[in-house]
Structures are given as C-alpha cells and as structure tokens.
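This is what each chain is made of:
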Amino acid sequence: MVTLEKQAAPNTAQTWQQTQIEVKNPVTGQVIGSVPAMNADDVRQAATKARAAQPAWEVRGAKERAALLRRWADMLWDDQKTAIQKVRAETGKNEIGAWLEVFVVDNVVAYYHKHAAHLLRPQGRRSLIPMKQTARVYYKAHGVAGFITPWNYPLNNAMIDLIPALIAGNTVLLKPSEITPYTAIYAIELMYKAGIPRDVIQVVTGAGVTGAALVDVVDYISFTGSTATGRKIAMRAAERLIPCSLELGGKDPLIVLNDADVNLAAAGTLVGALENCGQVCISTERVYVEDGIYDQYVERIKYYADQLTLGSGDGFDVHVGSLTNEREILRAEQQVADAVAKGATVIHGGKRRPDLGPLFYEPTILTGVNHNMDVMREETFGPLIPVMRVKDANEAIKLANDNQYGLSASIFTSDLKRGEQLATRIESGDVCVNATQWVFGTISLPMGGVKNSGMGRRNGPEGLMRFVKPQSVLVDNQLMQKPNLTLGDPFAIRVALLLRSIRRAIPFLGV
Ligand code: NAD
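Draft legend 1. Spatial organisation of the overall build of the chain. For the chain, the helix and strand inventory stands at 18 helices and 20 strands. Relative to the globule expectation of 24 Å for 511 residues, the C-alpha radius of gyration of the chain, 26 Å, shows essentially globular dimensions. In terms of principal-axis extent, the alpha carbons of the chain reach across some 85 × 60 × 40 Å. The 511 residues of the chain split such that 56% are buried. Put simply, 72% of the contacts in the chain that link residues at least 6 apart link residues at least 24 apart. Total accessible area on the chain stands at roughly 21500 Å², and carbon and sulfur atoms take up 56% of it. The centroid of the 55 positive side-chain charges in the chain is displaced by 10 Å from the centroid of its 52 negative side-chain charges.

Next comes the structure, spelled out in structure tokens:
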C-alpha cells in the first residue's frame, strides 16, 4: 500500500530491479517525488487482501456502498482545490481542465448513487410455466476488479470506472500510470477517510510490468490506455478467461457541413482539439470541411486560434496548458514534418514554446492534408488540427470511416435531423452533433470504442453491468407434478403448449 508520504514517476519502462519510479512536474521539469515499483509478489499480496475483503463488502448492499461513494465525492468536491493542484502538478494541464476532472467524477458518483441499486436488483423474468415456475436473475460481483489507467486524466480515468465496480460489490486494485500516480493516491486516501475499508480499494504503483502482474491476479480487468498495450492485456485476459473492457486510442473526425454556423464550428473545433492540449482519447484529430464553407471556416479557425491563451497560469481563461510528456511533442513534430514533406501547409503554430516551459507546443493548424499523411491516419495525442476540404457529406463520412479507430466523432450542421441521421453512418462509439466530447460528460450515455478503439463501455447502465455476472435462478413449486423420469413432465408440457397457443392467438395478453 502506498501512502501520500511515499510519493511518484517517469516515462521509463520499469524493470523488476527498479525499486522506485520518479514523478516529474512537466511545467518545471522538477522531480516531485517517487513511488515504489511494485513487483509481482507485492501485487499478489494486495490481491489476497482484496479477495479476503470482498465477501463482506458485497454483503453490505449497493445502497450502502453507493452512500459511501457519495460521501467520498462530497469530500472530494469540498477539497477540490487540493485535487486540482494534484492533477496540475503531475500533468501540467490548465486549471479548467483539472476542475473538469473533479466535476466529471462528481457526476459519475451522482449517476450511480441514483441508479445503481435499481439496476443491480434481482430481476424477475418470464418463466415457461408461470404458475409453476418463477425465474429470476441475480447480479453478483466478479470478485477482485483490476484497473490500469493512463496519465492524461489522472483523476477521471483512474476513478470513473472503479466507482461502479465498487458499488457493484467488487473490491478493487488500481494501477495508475507511473507518470501520474499521486492524484490517484490522494483520491484513494480520501476514500479511506470517507469510510471505505483499506482492503476494499488499494493502489499498486509501478509501470508496465506491475500492470501485467495485476492482470494475472484479478477476476476482471478494466484497461484505459493505448491500443498496443490494450491488445496485450486482452490476450492475457483471454488466456486466463477473465472478462475485460478496453478503452483505447482514437483518431476522431469532425465534419463541418455547408449549412453549419461557421463561427461555432471553428471555435468548437479548437475546443475539441485542444482540451488537455489534445492529449484526450476523444480529441478531435482530423477535420473534414465541405467545399462550400471551407474558405470561410479556415479564416475563422485562424481568427479564433489567434485569441488562444497558452501558459501555466491559474484561472479558467488559460485555454491551453503544457503537454505532459516529451513523447507527445516528438510525435506531433514527426507528424507535422511528415505532412509538410508531403505537401501540407502550417497555417497556425507549429513550434515548441520553451519560453513557457519545457513541454509547451503551439496549437497547430494544417491545411492541404490528405490520407497519405500520418497526421490523418495515426493517433496524434497533441495539439494538431489537420483540415481537409471535401466535396460533400458522403465523402466526409467515407473519409471519417477510413481509419483503424472508432472512438468518437462530431458533425457541425444547422440541420439537426440530418446531423443525427448522418451520425449513425459514422463507425464510432459515439457522435456529437454541434458539440465535441460532451458524450463523455453525459454519464447516462455509454462511452467506448469500436474497431481498434476498444471494447466494452463505461458510463450508463452498461458501465455498471459489466462489473457483475448474472446468475439465473429457477424455482419450481411442483404444482400438479408427479414423479417422472424425463424432463417432459406431462402436466408442464400441457401447460406450455396451452400457453403457446394463447400467445399466438391473443398476443396482447402477454402470457
Ligand atoms: P499506455 O498504454 O502506455 O499505458 C497505460 C497504462 O498501461 C499505464 O498505467 C501503463 O503503466 C500500463 N501498461 C503499460 N504496459 C503494460 C503491460 N504490458 N501490461 C499491463 N499494463 C501496462 O498508454 P498511455 O500513454 O498512458 O495513455 C495514452 C493512450 O491512452 C492513448 O492512446 C489514448 O488514446 C488512450 N486513452 C484512451 C481513453 C479511452 O477512454 N478510450 C482514455 C484515455 C486515454
């Protein structure tokens, strides 16, 4: 168990020899602490404690567990200044971005506090012979659920999946990213203060090898991170025959149709592409603009981009903060160089900003792009906005679907009905019309990917029910039953046939 005193972590691959991992503040480059690189024995010990604690936790019932989480969320809300400071210290993000993490976590707890007990109640189902047999489904926790999470939203991504898992009756082991472990450690310490027992939720710190050790000991694995790592985890989960959910990478398209409000579309693109400096799985990473509005759109997006404030200062009016690690800048630089070499033009930005901090990079708009360029095909995870002219909506949708990923997407149009119809033609887990990223904050909606963006869904009823296994129980009252040596009890068969005829003849009776 890690406490706040033993602090956190770099981008380096962990080996078993390594005992501590350093954590840096991206804005200052200073080391802010180090956390233990836990080995397989450490992880096994934590799993043993979690397994022992699970039955008592499940017996407490969903309402009581949800109430404890509600208390925790209220404490987090009251302590939001600390939470924001923790998030910013290890990610370098702006203040509004860090506050949004607190806000989303609060909403997730509110949603499941309201709905979880009802969703998890035993459900009666229609039996074949109603007066003789009752059929019911019980929902039971998997046992110990493991969570492996990335660095881009150290509060959100670490917490929002484990909240429904805990309410469903699982005990939890969380391995936060080695780059940003302190926010998770802080949030879990707060859970203990809210009254959640220590063995019910534990943090295991370390890099990839610690994560791999976690997959070996849990009954369910929830992973958020890159597609490459997700694939490894899915393979190990398949070997162990444990269920898993994978929230992976994206390359989200945004389509601007001729009838869109060009100012809202241009400003909306910047929001979708630059939240957390583009280090968002559901970041807008490629833009397709219909021919009739293209020139106007390009002029407007440059106009709004000129008004962006970059920096590490406080206040909700700083639009773009630092990137979190150098790998993302290097990838952005490589993609810009590749695009320019193949004929693209940088019309805004395109440079590092060492005057603001070691990991600042300007929001960068590219035109003259096409699908032969990495910037239109590979995940960026940085502040790049490639804009492509298209003939019409059909071409835009064809290009939007021409990608290995399918996480989120956006369409800007003033024809809301057509926008919603076109949305269903996009191959992605969600689509926003005249907005970006709002599905993520709308907790009633399931969120997750298709294609290489993953499997399984977070949020909504789907995000809760993945953490339980249904058990069906059939009870027979033996009405009119005589000893019989086959399944074909004559009385039961007669009733079943009678009911079949009634169902066909008088469907609205619903028998
Ligand atoms: P990553 O895959 O490098 O690391 C994610 C986590 O996996 C970390 O905790 C890491 O320590 C752990 N890990 C690494 N190797 C492992 C292994 N072999 N076995 C087990 N665990 C291992 O990803 P990242 O760089 O931290 O995050 C960025 C990626 O995450 C991007 O691709 C982004 O799109 C994706 N992401 C997706 C979502 C979503 O909801 N779909 C949300 C946020 C980020």
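The rest of the description comes next.
Draft legend 2. Inspection of a nonpolar patch on the surface at higher detail. A cluster of nonpolar residues, Met 131, Leu 479 and Met 480, forms a patch on the protein surface that exposes about 350 Å² of accessible area. Turning to its location among the elements, Met 480 is positioned in the loop between strand S20 (468-476) and helix H18 (490-505).

Draft legend 3. Main features of the domain arrangement of the chain. Once the domains are mapped, the chain shows domain 1 (20-248 + 460-468) and domain 2 (252-448). Distance from the C-alpha centre of domain 1 to the C-alpha centre of domain 2: 30 Å. Listed by partner, the interface residues are 30 residues for domain 1 and 33 residues for domain 2. The tally of links between domain 1 and domain 2 comes to one salt bridge.

Draft legend 4. Inspection of the packing of aromatic side chains at higher detail. The final tally for this structure, using the stated rule, is eight aromatic pairs. Between Tyr 111 and Tyr 112, the aromatic rings sit 5.0 Å apart at their centres with planes inclined by 80°, giving edge-to-face as the arrangement. A relative accessible area of 0% means that Tyr 112 is categorised as buried. Grouped by ring-pair contacts, the aromatic residues Trp 77, Trp 99, Phe 103 and Phe 316 constitute a single cluster. Sitting over the ring of Tyr 303, Arg 300 keeps its end group 4.3 Å from the ring centre.

Draft legend 5. Representation of the sheet that holds strand S19 (residues 454-455). The sheet built from six strands is open, its strands ordered S7-S6-S5-S8-S9-S19 with mixed pairing. Whereas interior strands pair on both sides, the edge strands pair on one side only; in this sheet they are strand S7 (201-203) and S19. Across three bridges, the pairing between strand S6 (residues 171-175) and S7 is parallel. Its bridge partner lying in S7, Leu 173 is registered against Gln 202.

Draft legend 6. A look at the nonpolar core. Grouped together as the largest cluster of nonpolar side chains are 73 residues, with contacts concentrated most on Trp 72, Met 159 and Met 191. Top element by residues in this core is helix H4 (residues 95-120). It accounts for 11 residues. Mapping this core onto the domain boundaries places at least three of its residues in each of domain 1 (20-248 + 460-468) and domain 2 (252-448). Residue contacts for Met 159: discarding those within four places in its chain leaves Trp 72, Val 105, Leu 174, Ala 184, Ala 187, Ile 188 and Met 191. Ranked by size, the runner-up nonpolar core spans 53 residues in total, among them Leu 274, Ala 339, Ile 385 and Ala 409.

Draft legend 7. Region of interest: the sheet that holds S20. Across the sheet, which stays open at both edges, the three strands sit in the order S3-S4-S20 with antiparallel pairing between neighbours. Single-partner strands in this sheet number two, and they are strand S3 (123-125) and S20. Across this sheet, the average inter-strand angle for adjacent strands is 30°, counted without regard to direction. When strand S4 (residues 133-141) meets S20, the two strands line up antiparallel, connected through nine bridges. Paired with Ala 141 across the strands is Val 468, a residue of S20.

Draft legend 8. Up close: the site of the ligand. Around the ligand, the structure places 31 residues, and the nearest of them are Glu 178, Ser 226, Leu 248, Arg 327 and Glu 379. Between the ligand and the protein, one listed contact pairs an oxygen atom with a side-chain N or O atom of Thr 229 at 2.8 Å. The contact in question runs from an oxygen atom of the ligand to an N or O atom on the side chain of Glu 379, over 2.6 Å. In the complex, 90% of the free accessible area of the ligand, which totals 860 Å², lies under the protein chains. Going through the elements one at a time, helix H8 (208-215), strand S8 (220-224) and helix H9 (227-240) are the ones with two or more residues in the shell around the ligand. Its residues assigned to classes, the shell around the ligand shows 13 nonpolar, 11 polar and seven charged.

Draft legend 9. Spatial organisation of the environment of Asn 484. Assignment of secondary structure puts Asn 484 in the loop between S20 and H18. Among residues more than four places away in sequence, those in contact with Asn 484 are Asp 489 and Pro 490. A distance of 2.6 Å separates a polar side-chain atom of Asn 484 from the backbone oxygen of Thr 486.

Draft legend 10. Examining the pairing of S8 more closely. S8 sits mainly inside the fold: five of its five residues count as buried. Neither face of S8 is left uncovered, since the one carrying Tyr 220, Ser 222 and Thr 224 and the one carrying Ile 221 and Phe 223 both have all their residues buried. With four bridges connecting them, strand S5 (residues 144-148) and S8 associate as parallel partners. When the sheet's bridge partners are listed, Ile 148 is paired in S8 with Phe 223.

Draft legend 11. Structural context of the pairing of strand S14 (residues 384-390). With six of its seven residues buried, S14 lies for the most part within the structure. The pairing of strand S11 (residues 284-290) with S14 spans four bridges and is parallel. Across the sheet, residue Tyr 288 finds its bridge partner in S14, namely Met 388. Bridging between strand S13 (residues 364-367) and S14 involves three bridges; their strand directions are parallel. Counted as the bridge partner of Thr 364 is Leu 384 from S14.

Here is what the cut-offs are and how they apply
- Residues numbered from 1 in each chain as written.
- Predicted model: local features only at pLDDT ≥ 70, side-chain atom pairs only at ≥ 80, totals over all residues.
- Heavy atoms only, no water.
- Helix = DSSP H or I, 4+ residues; strand = E, 2+ residues; numbered from the N terminus.
- Rg over C-alpha atoms; globule rule 2.2 N^0.38 Å.
- Buried < 20%, exposed > 50% of the residue type's maximum accessible area, 1.4 Å probe, protein only.
- Contact = heavy atoms within 4.5 Å.
- Areas by Shrake-Rupley, 256 points an atom, 1.4 Å probe, with all protein chains shown as cover.
- Lys, Arg positive; Asp, Glu negative; His and termini not counted.
- Charge placed at Lys NZ, Arg CZ, Asp CG, Glu CD.
- Patch = residues over 30% accessible without salt bridge, like charges linked within 9 Å, V, L, I, M, F, W, Y side chains within 5 Å.
- Salt bridge = Lys/Arg side-chain N within 4 Å of Asp/Glu carboxyl O.
- Domains from an automatic or database assignment.
- Phe/Tyr/Trp six-rings, centres within 6.5 Å; stacked < 30°, edge-to-face > 60°.
- Lys NZ or Arg CZ within 6 Å of the ring centre and 35° of its normal.
- Pairing = 2+ DSSP bridges.
- Core = buried A, V, L, I, M, F, W, Y, C linked by side-chain atoms within 4.5 Å.
- Axes fitted to C-alpha atoms, helices over the stretch in contact; angles between N-to-C directions.
- Near = heavy atom within 4 Å.
- Polar contact = N/O pair within 3.5 Å; in protein donor to acceptor, adjacent residues only side chain to side chain.
- Nonpolar A, V, L, I, M, F, W, Y, C, P; charged D, E, K, R; others polar.

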